[in-house]
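Observations on the model geometry
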Amino acid sequence: MVKETYLHDKHVALGAKMVDFAGWHMPVQYSSIIEEHKTVRENLGLFDVSHMGEVFVSGKDATVFLNKVVPQDITKLAYEKAVYCQLTNKNGGLVDDLIIYKIGIESYLVICNASRIDEDLNWLVRNKRGLDVKIDNQSHNYSLLAVQGPKAIDLMRKMGYNIDGQKSFTIKPAVISGVKLLASRTGYTGEDGFELMVENEHSEYLWDKILEDGKEFGIKPIGLGARDTLRLEAALHLYGNDLDETTTPIEAGLSWSVPKDKQADYNGKEVITEQLQNGVSRKLIGLVMKDKNIPRHEYEIYFNGEKAGHVTSGGVSPSTGKNIALAYVKNIPEICTGATIQVMIREKLHDAEVVKRPFVVKRNRV
Amino acid sequence: MSLKDEMLCSKTHEYVVKQGSEYIIGLTDYAIDQLGDIVFLELPEVGTEFAKDETFANIESVKAASEIYMPVGGKVTAVNEELVDAPEKLNDDCYENGWLIKIEASDFENESTDLLNYENYKKEVE
């Protein structure tokens, strides 16, 4: 059975093209992916990301427990702060990537990918043995609305939310237009913005109110198509493409999210620590095509005439007009920023340049 | 008579319409709408021959890459170069200025029997 979010009828009424994504019937675009993409970069966009998972983790051992399942040091996470991390398996591979929020004493909110909720829950339950922890999947009770773009701040202010003191990667309980919710200053676009977690029954009201109040800021509803081009430009990983159970955070270029001095043991620590010390055999790179051809998921990468890896996410970059990709390649020093590699597209090799990530630099970090 | 009244369409969304002694081939508006923002187009060289149902061009939207097939076989006599440089124009017009190639058909009569007029094509795909 394909699932629908509480906002499904809103999307259909707005003329969205709907597609099946991770078991959900979701809007892929309302008008044009390129137009929607530019709206978020220049003004303001509203996304329904209610398909994502919301899991509450609480209990006497909640901190100890979460610290055991992710490489990040959860003991250092302050109240109302958020941290990007990964759920690692015993081999250092990734069960999922997550954002964990500390919302109380021994109380956390975990936001996970829609496609991975079941795997995540199974994995969490398997790891809680002997610990005093409650794992409470509330995904079915909450909707998640994301407002993203340089004017997100203006919209939040207009809707009566006092954002002063709420920095990037923090979460606060808030009342916006009379609706009680959790407001997190996070997103998946490379822009400033907020993700608003609200009980399902208030989601339609909030959706309409945001579109109404956002009019003066040029707001538009944005589908999953533009969400993907936006996150790719920001070089944010997509689980299932750029990350899976065989990729480690080190290979994926996520070493910044793996503290080197964490004392506590966690799943995969041995492999990850070894990779931090001795390096990895493959690495994630960014690339920009030198011609008009478009690199896509699973296309092969060549270097000096030999197969050297494959594209994991690729496509057009509406902000730059270039064609870009994330790819895993052999970790050799010759494949470095500025180097030329080739992508096999329709049985021909096309030149691309290895570039620094992200492809588009976030302009509005606060 | 408009183009839509005269053209025949394949179930893979190509249209073919007679113009003088040649045939014009393109993609239907329904196909373009399904693809969304067109960002890449690769057309064959003039003089190339293709059989019916053979891939003669590649098109990509933001979302995906697709192949375009010959609704009938023939030899390419002209390609719409302007579109290769600005494939996004297909989103505005895939007929008058949005044709892809012109061909000399090899056996139009026998090869066009499975093609549908626009009205029936729309019924079939929607």
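Before any of the text, the structure's been laid out above.
Along every chain, residues carry numbers that run from 1 in the direction the sequence is written. All chains are assigned letters beginning with A, and all ligands numbers beginning with 1, in the order in which they are written. The predicted origin of the model limits local features to residues at a pLDDT of at least 70 and limits the giving and counting of side-chain atom pairs to 80 or more, whereas totals for whole chains, interfaces and linings rest on all residues. Calculation of side-chain values draws on the structure's entire complement of heavy atoms; hydrogens and water are dropped beforehand.

1. So, the overall build of chain B
Helix numbering and strand numbering both begin at the N terminus, where a helix is a DSSP run of H or I of at least 4 residues and a strand a DSSP run of E of at least 2. Of regular secondary structure, chain B possesses 5 helices and 10 strands. Radius of gyration means the value over C-alpha atoms here, while the globule rule gives 2.2 Å times the residue count to the 0.38 power. Here the C-alpha radius of gyration of chain B, 13 Å, is about what a compact globule of 126 residues would show, namely 14 Å. The principal-axis extents of the C-alpha atoms in chain B amount to approximately 35 × 35 × 25 Å. Burial status follows relative accessibility: with a 1.4 Å probe on protein chains alone, a residue under 20% of its type maximum counts as buried, one over 50% as exposed, and anything between as partly exposed. Across the 126 residues that make up chain B, the buried fraction comes to 49%.

2. With respect to helix α5 (residues 118–125) of chain B
Residue and element names in this part refer to chain B. Listing the buried residues of α5 in full gives Tyr118, Tyr121 and Val125. Down the axis of α5, the buried set is contained in an arc of 60°. They therefore lie on one face. Among the exposed residues of α5, those pointing more than 90 degrees away from its buried face are Glu119 and Lys123. For this analysis, residues touch if any pair of their heavy atoms sits within 4.5 Å. Against the buried residues of α5 lie α1 (3–6), β1 (8–9), α2 (29–35) and β10 (116–117). Note: the arc covers the axis-to-C-beta directions of the helix.

3. Focus on the packing of aromatic side chains
What characterises a pair of aromatic rings is the spacing of the ring centres plus the angle enclosed by the ring planes. Residue and element names in this part refer to chain B. Here a Phe, Tyr or Trp ring, Trp counted by its six-membered ring, pairs with any other such ring whose centre lies within 6.5 Å, and the pair is stacked when the planes are under 30 degrees apart, edge-to-face when over 60, and tilted otherwise. Considering all chains together, one arrives at 8 aromatic pairs over all chains under this definition. Between Tyr30 and Tyr121 the ring centres are 6.5 Å apart and the planes differ by 85°, which places this aromatic pair in the edge-to-face class. One end of the pair, Tyr30, is in helix α2; the other, Tyr121, is in helix α5, with 91 residues separating them in the sequence. Exposure remark for Tyr30: the relative accessible area of 17% places this residue in the buried category. Ring geometry for Tyr118 versus Tyr121: centroids 6.2 Å apart, planes at 40°, classification tilted.

4. What about the layout of surface pockets?
In this structure, the second largest pocket spans a volume of roughly 480 Å³. Around the second largest pocket, the lining is made up of 23 residues, and of these Val316 and Gly321 of chain A together with Ile38, Val39 and Glu88 of chain B lie nearest the centre. Among the elements of the structure, α2 (33–42), β16 (306–317) and β17 (322–330) of chain A together with β4 (38–42) and α3 (81–85) of chain B are those that each provide at least two residues to the lining of the second largest pocket. With 4 residues, β4 of chain B is the largest single contributor of residues to the lining of the second largest pocket. Residues belonging to the lining of the second largest pocket are distributed by class as follows: 10 nonpolar, 5 polar and 8 charged. Using a 1 Å grid laid over the protein atoms alone, points where a 1.4 Å probe fits but cannot get out form a cavity; open sets with protein on both sides within 12 Å along at least 5 of 7 lines form a pocket; any residue with an atom within 4 Å of a point counts as lining. Grid points are joined across faces, edges and corners, and a volume is the space filled by probe spheres set on the points. The nonpolar class holds Ala, Val, Leu, Ile, Met, Phe, Trp, Tyr, Cys and Pro. Asp, Glu, Lys and Arg form the charged class, and all remaining residues, Gly among them, are polar.

5. Let's talk about the sheet that holds strand β19 (residues 348–355) of chain A
Residue and element names in this part refer to chain A. Should DSSP find at least two bridges between two strands, the strands are taken to pair. Around the barrel, which closes on itself, the 6 strands sit in the order β14-β17-β16-β15-β18-β19 with antiparallel pairing between neighbours. Recorded for the sheet is a direction-independent mean angle of 45° between the axes of neighbouring strands. As judged from the 8 bridges shared by β16 and β17, these two strands associate in the antiparallel manner. By the bridge assignment, Gly314 is partnered in β17 with Ala325. All axes are obtained by fitting lines to C-alpha atoms, using only the stretch in contact for helices, and the reported angles, taken between N-to-C directions, cover 0 to 180 degrees.

6. Quick look at the interface of chain A and chain B
Contacts between the two partners involve 14 residues from chain A, matched on the other side by 16 residues from chain B. Once two parts are put together, the accessible area they lose, assessed with a 1.4 Å probe and summed over both, is termed the buried area. When the two sides are added together, the surface that chain A and chain B hide from each other amounts to roughly 1300 Å², 50% of it contributed by carbon and sulfur. Basic side-chain nitrogens of Lys or Arg form a salt bridge, by our definition, when they fall within 4 Å of a carboxyl oxygen of Asp or Glu. Counting every contact that joins chain A to chain B gives 5 salt bridges. Polar contact is defined as a pair of N or O atoms within 3.5 Å, subject to the rule that within protein one atom must be able to donate a hydrogen and the other to accept it, and that residues adjacent in sequence are counted only when both atoms are side-chain atoms. Scanning the region where chain A abuts chain B turns up 10 residue pairs in polar contact (both at pLDDT 80 or more). When residues of the side of chain A that touches chain B are traced back to their parent elements, those giving at least two are β2 (24–29) and α2 of chain A. Its residues placed into classes, the side of chain A that touches chain B shows 6 nonpolar, 4 polar and 4 charged.

7. Some thoughts on the environment of Leu109 of chain A
Tracing the backbone through its elements, the reader meets Leu109 of chain A in strand β7 (residues 107–112). For the pair Leu109 of chain A and Ser58 of chain A, spaced 51 residues apart in sequence, the C-alpha separation works out to 8.6 Å.

8. Considerations on the sheet that holds β4 of chain B
Residue and element names in this part refer to chain B. Pairing in this open sheet of 3 strands is antiparallel, and the strands run β4-β6-β7 from one edge to the other. For this open sheet the edge positions go to β4 and β7 (65–69), each flanked by a neighbour on one side alone. Neighbour-to-neighbour, the strand axes of the sheet open up by a mean angle of 25°, direction not taken into account. Of the strand pairs in this sheet, strand β6 (residues 55–61) and β7 are connected by 5 bridges, and their pairing is antiparallel. Each bridged residue has a counterpart across the sheet, and for Asn58 the counterpart in β7 is Glu67.

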